[in-house]
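Spelled out, the chains give:
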Amino acid sequence: MLLSIKSWLFEAPSKDCMARYAKSGDNRHLEQLIALYSNDLYHYLVTQSNTHLAYDISQQTWLKVIEKRHLYQAQTTPKAWLFRLARNTLIDEYRKQQHFVELDENSQLPAQNDNQSELTSSDSHIGDTYISYEAFNAALKQLSFVQREAITLQQEGFSLADIELITQSNAQTIKTRLRYAKQNLKQLLGDYNEQA
């Protein structure tokens, strides 16, 4: 009973706000989408690029949401659809800049030098060791684009099916990327701990 009253009193933005925006074009629903997903979108993009490019691609993605709202299908989660738009926009930008030609396990992006992440001020406890966010981000940046993307999407809470939709890859490929990403991160972070 309390839950139904709470949902009646406070309209929680959800999957419905994307469907409503796709149908009506009402900016109130777009504002809800931005409030819900803009931080997650930016975090994903900054792990795949740098702060400046992440900001630009984030803005371009929201413009594409406005332009392509009619293409949204209600059975798709709004966040996955949004991330797919962002990913495609990012890849188009990299191709335009001729940073890489194809997406495979060995595709590397140029070194990211400018303010990799906003999460560099604290440390994280993993097992019996402390790993700084700087060390984790540095290790993450050393992964191939597709491995870094898979692990980042998993950390964002996406299901395997959502990651398939976003990356346009099959489930087995994603599982392989995740396995290699985790193995490589363990090795890279292990090397970091030995140096510290």
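The rules behind each value
Here the residue numbers are simple positions, counted from 1 along each chain's written sequence. Confidence filtering applies because this is a predicted model: local features only for residues at pLDDT of at least 70, side-chain atom pairs given and counted only at 80 or more, and all residues used for totals across whole chains, interfaces and linings. Think of the side-chain values as coming from all heavy atoms in the structure, minus any hydrogens and water. UniProt positions are given in the numbering used here, feature names are shortened, and annotations may be inferred rather than shown by experiment. In this description a helix means any DSSP run of H or I spanning at least four residues, a strand means any run of E spanning at least two, and both kinds are numbered starting from the N terminus. N or O atoms closer than or at 3.5 Å make up a polar contact, with two conditions inside protein: a donor-capable atom paired with an acceptor-capable one, and, for residues adjacent in sequence, both atoms drawn from side chains. For every residue, the predictor assigns a confidence score, pLDDT, that lies between 0 and 100. For this analysis, residues touch if any pair of their heavy atoms sits within 4.5 Å. Every axis corresponds to a line fitted to the C-alpha atoms, with the helix fit spanning only the stretch in contact, and the corresponding angles, defined between N-to-C directions, vary from 0 to 180 degrees. Roughly parallel here means an angle under 35 degrees, roughly antiparallel means over 145, roughly perpendicular means 65 to 115, and every remaining angle is called oblique. For this classification, the nonpolar set comprises Ala, Val, Leu, Ile, Met, Phe, Trp, Tyr, Cys and Pro, the charged set comprises Asp, Glu, Lys and Arg, and every other residue, Gly included, is treated as polar. The rule is short: rings of Phe, Tyr and Trp, with Trp giving its six-membered ring, pair when the centres are within 6.5 Å, and they are stacked under 30 degrees, edge-to-face over 60, tilted in between. A 1.4 Å probe rolled over the protein chains alone gives each residue an accessible area, and that area as a share of the maximum for its type sets the label: buried under 20%, exposed over 50%, partly exposed in between. Two limits define a charge over a ring: the Lys NZ or Arg CZ must be within 6 Å of the ring centre, and within 35 degrees of the ring normal. Among buried residues, those of type Ala, Val, Leu, Ile, Met, Phe, Trp, Tyr and Cys that are joined through side-chain atoms within 4.5 Å constitute a nonpolar core.

An unreviewed UniProt entry lists the chain under the name RNA polymerase sigma-70 factor, ECF subfamily, with Pseudoalteromonas issachenkonii given as the organism. Its UniProt record, at the heading Sequence similarities (unreviewed entry), says of the chain: "Belongs to the sigma-70 factor family. ECF subfamily."

Asker: Summarise the environment of R148; cite the residues concerned and give the values.
Answerer: Within the element layout of this structure, R148 appears in helix α7 (residues 145–155). As a C-alpha pair, R148 and K182 span 34 residues in sequence and 9.6 Å in three-dimensional space. Within the structure, R148 has its side chain in polar contact with the backbone oxygen of T47 (distance 2.9 Å).

Asker: Go over the confidence of the model for the chain, please, and point to the residues and values.
Answerer: With 72% of its residues at a pLDDT of at least 70, the chain reaches an overall mean of 79. Per-element mean pLDDT across the chain ranges from 45 in strand β1 (residues 123–126) up to 96 in helix α4 (residues 51–68). Taken as a whole, residues 1–13 scores under 50 in pLDDT and shows four contacts with residues more than four places along the chain or in a different chain. Of the regions scoring below 50 in pLDDT, residues 105–129 engages in 54 contacts with residues more than four places distant in sequence or in other chains.

Asker: Provide a residue-level description of the packing of helix α6 (residues 133–142) against α7, including the pertinent values.
Answerer: The geometry of α6 relative to α7 is characterised by a closest axis approach of 9 Å and an angle of 135° between their N-to-C directions. Regarding the angle of α6 to α7, the classification is oblique. Along the contact surface, α6 presents F136, L140 and K141, while α7 presents R148, I151, T152 and Q155. Partitioning the contact of α6 with α7 into residue classes produces three nonpolar, two polar and two charged.

Asker: Describe the packing of aromatic side chains, naming the residues involved and giving the relevant values.
Answerer: Per the counting criterion, the structure on display carries three aromatic pairs. Seen in terms of ring centroids, Y44 and F83 are 5.1 Å apart; in terms of plane orientation they differ by 40°. Their pairing is tilted. Remark: F83 occurs in helix α5 (residues 78–96) and Y44 occurs in helix α3 (residues 27–48); sequence separation between them is 39 residues. F83 shares its class with Y44; the two are buried. Considering the side-chain rings of F83 and F158, the 4.9 Å spacing of their centres and the 65° angle between planes classify their relative orientation as edge-to-face. Here the residue F83 occupies a position in helix α5, and F158 occupies one in the loop between α7 and α8 (160–167), the gap between them amounting to 75 residues. Across the pair, F158 and F83 agree in class, each one buried. Over the aromatic face of F158 sits the side chain of K79, whose NZ or CZ is 5.2 Å from the ring centroid. Cation over ring: R179 sits above Y180, and NZ or CZ is 5.2 Å from the ring centre.

Asker: Requested: an account of the environment of V146, with residues and values cited.
Answerer: One can find V146 in helix α7. The exposure class of V146 is buried, given its relative accessible area of 1%. Considering only alpha carbons, one finds V146 and L178, 32 residues apart in sequence, at a separation of 9.1 Å.

Asker: Could you give an account of unusual backbone geometry, with specific residues and numbers?
Answerer: The phi dihedral of Q168 is positive, around 60°, even though this residue is not glycine. Of note, Q168 is situated in the loop between α8 and α9 (171–195). A relative accessible area of 46% means that Q168 is categorised as partly exposed.

Asker: Could you give an account of the nonpolar core, naming the residues involved and the relevant values?
Answerer: If you look at the biggest cluster of nonpolar residues, it comprises 43 residues, and the most contacted ones within it are M18, L45, W62 and V65. Among the secondary structure elements, those contributing two or more residues to this core are α2 (15–24), α3, α4, α5, α6, α7, α8 and α9. By residue number, the principal contributor to this core is α5, which donates nine residues. Every residue in contact with M18, bar those within four places of it in the chain, is listed here: L33, V65, Y72, P78 and W81.

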